[in-house]
Amino acid sequence: MGSRIVATGRATPRTLITNHDLERRMDTSDEWIRTRTGIAQRYVISSGESLVEIAAQASQIALDRAGLKPADLEAIVVGTVSSDYGFPSFACQLQHRLGLDTIPAFDVAAACSGFVYALSVGDTYMRAGEWSRILVLGVDALSTMVDWGDRATAVLFGDGAGAAVLVKENGPRGVLGSMLRSSGGFWDLLYVKNRGVQTTMDAEVRRPNDDAITMKGPELFKIAVKSMEDVTRKVAERARVKLEDISLIVPHQANLRIINAVAQRLGLGPDKVFTNVDRYGNTSAASVPIALDEAIEAGRVHDHDLIMLNACGGGLTWGANLIRW
Ligand code: UT7
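Computed from a predicted model, the values in this text were never measured in an experiment. Each chain carries its own residue numbering, running from 1 in the written order of its sequence. With the structure being a predicted model, the display of local features is reserved for residues of pLDDT at least 70 and the display and counting of side-chain atom pairs for 80 or more, all residues being used for whole-chain, interface and lining totals. Side-chain numbers here rest on the full set of heavy atoms in the structure, without hydrogens or water.

(A) Examining helix 5 (residues 114-127) more closely. Helix numbers and strand numbers start at the N terminus; a helix is a DSSP run of H or I with at least 4 residues, a strand a run of E with at least 2. Expected helix span is taken as 1.5 Å per residue step, with the number of steps being one fewer than the number of residues. Taking 1.5 Å per residue as the helical rise, helix 5 with its 14 residues ought to reach 20 Å, and the 20 Å between its terminal C-alpha atoms agrees with that figure. Burial within helix 5 is extensive, with 10 of its 14 residues counted as buried. For every residue, the accessible area (1.4 Å probe, protein chains only) is compared with the maximum for its type, and the residue is labelled buried under 20%, exposed over 50%, or partly exposed between those bounds. Within helix 5 the residues assigned to the buried category are Gly114, Phe115, Val116, Tyr117, Ala118, Leu119, Ser120, Gly122, Asp123 and Met126. Looking at the residues trailing helix 5, positive phi occurs at Gly129, about 85°.

Have a look at this one:
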């Protein structure tokens, strides 16, 4: 008994910010951002916009594609670190927005690995026979946590939501296995204080730097490459799948150079790796499900393909899910 993703959906805020827009705000250049990260543009949430609403849009698209109604769901698991509230959880707010009541709804806080973690949690509950139709999301708005005066972090992040409908499935298709890893010793490579910043780019409020996202980029870069390679190999090994049999890797979209380095170490060519970091930036937990949704739309995912999702983020956390589509 296992679970299968039967539909996905994605949604972003309305405001598109290009590298050229950022050039006008801070000492940076389109050339630096493109060559060091691969990012050309990102969507950022504006004041008055609601991340819960954006997550609800992504959820509704996924539900419509699955031919299901919110009332068919038995649980909501959200990978996020972007709830407006310390509590209630983002998942509870989304549950209410979707008009649901009493089904379990909870967040999984694993920063950029949030969706990979949430999918593993959802799949494990379904293997245990607990649920048969659930919604798993990755949702984040890290643009609300950066210091817009800090070019080292401000140019990297975008906001959005990706949703997947997971149904119980007996048979060869579905999530074959997941592996989750964390290393709290590296917590200070990427962090933000709880209740840090919490404003939108357009609000123009200058705030103290010490509560914004802090990142040791180059150190994180090296660990991200190694950890994503390692966990991908191990998940494949455990499922007795050869790396060359993987049809597509849908990795966390933090930096094109990280994605390329991981692919190279795994011996996989560009045709086997999906990237959209150029158009979204690093959307944290939303990046894997948004990329998966786009990969499906682009015809890069076929029935029975072996698809690998992998991610690394603040915590540090990292992990991978191997799926027989
Ligand atoms: O999503 C969770 C996982 N996230 C990651 O894994 C992120 C990992 N790290 C990275 O992707 C990269 O380290 C960054 C993109 C964050 C930075 O790239 P880098 O090549 O490691 O640059 P750096 O931090 O070593 O900075 C190189 C130079 C510095 O100038 P000096 O000291 O050499 O004169 C920076 O001040 O680039 C400068 N710089 C910038 N210049 C123009 C840093 N940010 C910018 C900027 N525009 N936005």
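On we go.
(B) Spatial organisation of the site of the ligand. Near the ligand lie 24 residues; those nearest to it are Thr28, Arg36, His252, Asn255 and Asn282. As used in this structure description, the phrase polar contact means that two N or O atoms lie within 3.5 Å; if the pair is within protein, one of them must be able to donate a hydrogen and the other to accept it, and residues adjacent in sequence are counted only when both atoms belong to side chains. Contacts to the ligand include Thr28, whose side-chain N or O atom sits 2.7 Å from a nitrogen atom. The protein chains shown are the only cover counted for residues, whose accessible areas, like all others here, come from Shrake-Rupley with a 1.4 Å probe. For the ligand, whose unbound accessible area comes to 960 Å², protein coverage reaches 71%. In this analysis the probe radius is 1.4 Å and the grid spacing 1 Å, with only protein atoms considered; a cavity is a set of points the probe fits into but cannot get out of, a pocket is an open set with protein on both sides within 12 Å along at least five of seven lines, and lining residues have an atom within 4 Å of a point. By definition, a pocket or cavity contains a molecule when more than half of the molecule's atoms lie within 2 Å of the pocket's grid points. Its atoms largely coinciding with the cavity grid, the ligand occupies the second largest pocket. Only heavy atoms are used to decide nearness, and a residue is near a molecule or strand if one of them lies within 4 Å of it.

(C) View of the sheet that holds strand 8 (residues 174-182). Sheet architecture is open: four strands sit in the order 8-13-12-11, paired in mixed fashion. At either end of the open sheet lies a strand with only one pairing partner, and these are strand 8 and strand 11 (248-251). On average, each strand axis in the sheet is tilted by 15° relative to the strand beside it, whichever way the strands run. Strands qualify as paired when DSSP identifies two bridges or more between them. Taken together, the four bridges between strand 11 and strand 12 (residues 306-313) define a ladder with parallel strand orientation. What sits directly across from Leu248, in strand 12, is Ile307. Contact criterion: two residues are considered in contact whenever any of their non-hydrogen atoms come within 4.5 Å of each other. Axis angles are defined between N-to-C directions and span 0 to 180 degrees, where every axis is a line fitted to C-alpha atoms and, for a helix, only to the segment in contact. Together, strand 8, strand 12 and strand 13 (317-324) form the strand contacts of helix 5, whose direction differs from that of strand 8 by roughly 125°. The strands touched by helix 7 (residues 217-238) within the sheet are strand 8, strand 11, strand 12 and strand 13, with strand 12 carrying the most contacts at an inclination of about 145°.

(D) Up close: the packing of aromatic side chains. A pair of Phe, Tyr and Trp rings is counted when the ring centres sit within 6.5 Å of each other, with Trp represented by its six-membered ring. The angle between the planes then sorts it: under 30 degrees is stacked, over 60 is edge-to-face, the rest tilted. Taken as a whole and assessed by the stated rule, the structure comprises five aromatic pairs. Ring geometry for Phe106 and Trp131: centres 6.5 Å apart, planes at 45°, overall tilted. Remark: Trp131 occurs in the loop between helix 5 and strand 6 (133-141) and Phe106 occurs in strand 5 (residues 105-108); sequence separation between them is 25 residues. Classification of Phe106 by relative accessible area gives partly exposed; the value is 25%.

(E) Fine view of the side chain of Ser287. Summarising the element assignment, Ser287 is placed in helix 10 (residues 287-297). Apart from the residues within four sequence positions on either side, Ser287 is in contact with His252 and Gln253.

(F) Seen up close, the sheet that holds strand 1 (residues 2-11). The mixed open sheet is built from five strands, whose spatial order is 1-7-6-4-5. The sheet is open, and its two borders are formed by strand 1 and strand 5, each paired with just one other strand. The mean inter-strand angle of the sheet, taken between neighbouring strand axes irrespective of direction, is 20°. Direction of pairing for strand 4 (residues 75-79) relative to strand 6: parallel, over a ladder of five bridges. Looking across to strand 6, one finds that Val77 is bridged to Val136.

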